[in-house]
Amino acid sequence: MSAASPALPPSPLNEDRKILLARLVDGLDGSSLWWLSGYTAGLAQGHATPQLAVLPGGVPAAAGAAGQRLTVLYGSQTGNARREAEKIAQAAEATGLAVRLVRTDAYATRELASERLLYLVISTQGEGDPPDDSIGFTEFLLGKRAPKLPELKFAVLGLGDTSYAEFCGISRRLDARLAELGAQRVLDAGQADLDIDTVAGPWREQALAQARELLKAAPATANGPAAHLATVTPLRPAAAWSHERPFPAEVLANQRITGREFRNTGFQQYRDGGKDVRHLELSLEGSGLAYEPGDALGIRHRNPEALVEAVLQATKLDGNAAVTSGTETLPLHEWLAPRRELARLSRPFLAAHAERSGAAALQELLDPTQPAGLAALLADHQLVDVLRRWPAAWDHDALLAALRPQAQRLYSIASSRKRVGEEAHLTVDVLRYQAHGHDHLGAASGFLAALEEGGQVPVYIEPNERFRVPADGTRDIIMVGPGTGVAPFRGFVQERAETGASGRNWLFFGAQHFNTGFLYQVEWQDALQRKELHRLDLAFSRDQARKVYVQDRLRERGAEVYDWLQGGAHFYVCGAIAMGKDVHAALLDIVAAHNGGDLEAAAGYLTSLQTEGRYGRDVY
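The structure contained in this document is the topic of the report that follows. Since this is a predicted model, take the numbers as computed values, not measurements. (Residues numbered from 1 in each chain as written. Predicted model: local features only at pLDDT ≥ 70, side-chain atom pairs only at ≥ 80, totals over all residues. Heavy atoms only, no water.)

### Quick word on the overall build of the protein
Then step 1. If you tally the helices and strands in the protein, you get 23 helices and 22 strands.
Then step 2. In the protein, the share of contacts with a sequence separation of at least 24, taken over all contacts with a separation of at least 6, comes to 78%.
Then step 3. When the accessible surface of the protein is totalled, it reaches about 27900 Å², and 51% of it is carbon and sulfur. (Helix = DSSP H or I, 4+ residues; strand = E, 2+ residues; numbered from the N terminus. Contact = heavy atoms within 4.5 Å. Areas by Shrake-Rupley, 256 points an atom, 1.4 Å probe, with all protein chains shown as cover.)

Following this line, the structure appears as structure tokens:
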């Protein structure tokens, strides 16, 4: 520590407790240590403690009283809302404000009545739903137990995706609810699309100006900001590689792991039930990137050439034409291929296209009183389908301005570093289908499928701290992962085997067909023989007259599932949002069947599992 650094106060711990603490943190990685520092700071807020200086790197310090601080709450599914909340907290700290940053599931809702200034940053999951880490907070705020808040001042920043009909749905509901409870809105709710900073940047500046005025913050000192930062979720140190600056990972392997071989019949194999699921192995050597099972790998893809050419053909534009955006000039083709979203539609683009095309049918679909039609269009059409269906005259500059920046994709990591070293494995379902008279290819999955060994793909780590194997290796775990939702559980089983966890591992896996869709079949069979996997239940929906899904297998094993949960097991589900809801409904039925049929009590039971960190969901 340099002479200019603030000195730590004497430790209040005796030697036995110091030894115990040292054993606790031994072997924890940087991410875990940062989380632990924030968690203990949050616990300390309920006790009288001396005011501590902010240490280099943003080590938490004691917060000011509720009336003298800004509380920044966030709910995040993919990390974007967390990053925006961190920006607000960091900027507030830099100007001398007392601020604490808290993930919604770590926030004690009893404190809400005493808050005086609250900024909420929250993303919308699916069609208007809260992210998983905000389910409990949302239920509390929208429910009967929420207190009146006449002394609270608040602002809400929502993050969403206009390719969904319920754009920023949950943030709009919570903004309205806070006002209904008597709180005073100090800034109109922000609603950011995938080009987040377009809205979030100006909103943040206005929010900080409001906070400075309301809290009358003292200016930062010459030695740095005032010592008021306290975080339950700590501010993260800057990583060398991030979503803004991804690492070029080398492709070590790219193999198809579904059973059916390709035939030279175009896309016919997909119309008769075939799938193309890839297992990719990427090298992280030299990157310094670290991940835990449950984390995701973000990738920056290049739109497939066929998709770019289809857009250029539909718009009759020249891909070689030079187009300027901001301070950069590139051929239109080079804007479209790596930098613009070509697969997913957005409401703003549809509105612009409707005006240019003059299509009355498209205008009707945009009518806010008819959300079902828009939802169907967004689910069934890519950008190029709209361009073909309703032709319009676009020029190069206008098209570039109307398209959103490319959305980066997240894939659950299918490996444990303890087994594979400096590698990250992915399980990718390559989207190919025919619609509206044309073949379609998923932009990111098509990009990954085309990678050859020795090629490179830009990647970064997106932590998922709510989706981790239990810290207590004696706990049993139940994993539900149909299709590529099984990916993180491959990492879970590897991790538990490498760490010698004694708890049992139970996997529910589902696909359409045993012969063509049983992903990692040999690995699971080997894991059963080695006692790394203790139970495996399978559901192949199309191999018999009656369709059978993973939720059906759960219900069939309901008594045993309930016994495992009662014994302290952790429950995990990964996959599509609709499947996650079906599994949740099955769990409700299972719990209710063993508590006398009380569905309300069963719902409370599952909520308690989530609060305890024993019910993890990674749905998309």
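### Some details on the packing of helix 4 (residues 135-142) against helix 5 (residues 169-180)
Then step 1. Remark: helix 4 packs on helix 5, axes separated minimally by 10 Å, with the N-to-C direction vectors making an angle of 40 degrees. For the element pair helix 4 / helix 5, the angle class is oblique. Crossing geometry of helix 4 relative to helix 5 is assigned as left-handed. Between helix 4, through Thr138, Leu141 and Leu142, and helix 5, the contact on the second element is made entirely by Ile170, Arg173, Leu174, Arg177 and Leu178.
Then step 2. Looking at the contact of helix 4 with helix 5 residue by residue, the class counts come to 5 nonpolar, 1 polar and 2 charged. (Axes fitted to C-alpha atoms, helices over the stretch in contact; angles between N-to-C directions. Parallel < 35°, antiparallel > 145°, perpendicular 65-115°, else oblique. Left-handed = near helix turned anticlockwise from the far one by under 90°. Nonpolar A, V, L, I, M, F, W, Y, C, P; charged D, E, K, R; others polar.)

### Side note on the sheet that holds strand 22 (residues 615-619)
Then step 1. Read across the sheet, 5 strands follow the order 20-19-18-21-22 without closing on themselves; strand pairing throughout is parallel. With one partner strand each, in any of the chains shown, strand 20 (535-540) and strand 22 form the two edges of the open sheet. Recorded for the sheet is a direction-independent mean angle of 10 degrees between the axes of neighbouring strands.
Then step 2. The sheet contact formed by strand 18 (residues 477-480) and strand 19 (residues 505-511) spans 4 bridges and is parallel. Residue pairing across strands places Val480 opposite Phe508, the latter belonging to strand 19.
Then step 3. Along the sheet face, helix 21 (residues 558-566) touches strand 18, strand 19, strand 20 and strand 21 (570-575) and points at about 140 degrees away from the line of strand 19. (Pairing = 2+ DSSP bridges.)

### Looking at the sheet that holds strand 17 (residues 456-462)
Then step 1. Within the open sheet, the 6 strands sit side by side as 13-10-17-8-9-14. Their pairing is antiparallel. Both outer strands of the open sheet, strand 13 (409-412) and strand 14 (423-429), are each paired with one neighbouring strand and no more. On average, each strand axis in the sheet is inclined to that of its neighbour by 40 degrees, with strand direction left out of account.
Then step 2. Pairing analysis gives 4 bridges linking strand 10 (residues 296-299) to strand 13, with the strands arranged antiparallel. Following the sheet pairing, Ala296 is matched in strand 13 by Ser412.

### Details of the pattern of salt bridges
Then step 1. Taken as a whole, this structure holds 43 salt bridges when the rule is applied.
Then step 2. Among the salt bridges present, the one from Asp589 reaches Arg555, with a minimum N-O distance of 2.8 Å. Here Arg555 lies in helix 20 (residues 550-556) and Asp589 lies in helix 22 (residues 577-593), a separation of 34 residues in the sequence.
Then step 3. For Arg555, a relative accessible area of 37% corresponds to the partly exposed category. (Salt bridge = Lys/Arg side-chain N within 4 Å of Asp/Glu carboxyl O. Buried < 20%, exposed > 50% of the residue type's maximum accessible area, 1.4 Å probe, protein only.)

### A few points about the nonpolar core
Then step 1. Counting residues in hydrophobic clusters, the biggest one holds 37 residues, and the most contacted among them are Leu336, Leu342, Phe349, Leu350, Leu383 and Trp394.
Then step 2. Sorting the residues of this core by element identifies helix 8 (305-315), helix 9 (332-339), helix 10 (347-357), helix 12 (371-380), helix 13 (383-389) and helix 14 (396-402) as the ones contributing at least two each.
Then step 3. Top element by residues in this core is helix 8. It accounts for 6 residues.
Then step 4. Excluding anything up to four places from it in sequence, Leu342 contacts Asn303, Leu307, Val308, Val311, Leu336, Leu383 and Leu403. (Core = buried A, V, L, I, M, F, W, Y, C linked by side-chain atoms within 4.5 Å.)

### Thoughts on the packing of aromatic side chains
Then step 1. Within the structure shown, the criterion is met by 18 aromatic pairs.
Then step 2. Here the aromatic rings of Phe514 and Phe518 are separated by 5.6 Å at their centres, their planes lie at 55 degrees, and the arrangement is tilted.
Then step 3. Under the relative-accessibility criterion, Phe514 is labelled partly exposed at 34%.
Then step 4. With 5.7 Å between their ring centres and 80 degrees between their planes, Phe571 and Tyr615 make a pair best called edge-to-face. Highlighted residues: Phe571 in strand 21 and Tyr615 in strand 22, separated in sequence by 44 residues. When sorted by exposure, Phe571 lands in the same class as Tyr615, which is buried.
Then step 5. Sitting above the plane of the Trp564 ring, Arg504 keeps its charged end 4.0 Å from the centroid.
Then step 6. When the ring centre of Trp506 is taken as origin, the NZ or CZ atom of Arg535, which lies over that ring, is 4.0 Å away. (Phe/Tyr/Trp six-rings, centres within 6.5 Å; stacked < 30°, edge-to-face > 60°. Lys NZ or Arg CZ within 6 Å of the ring centre and 35° of its normal.)

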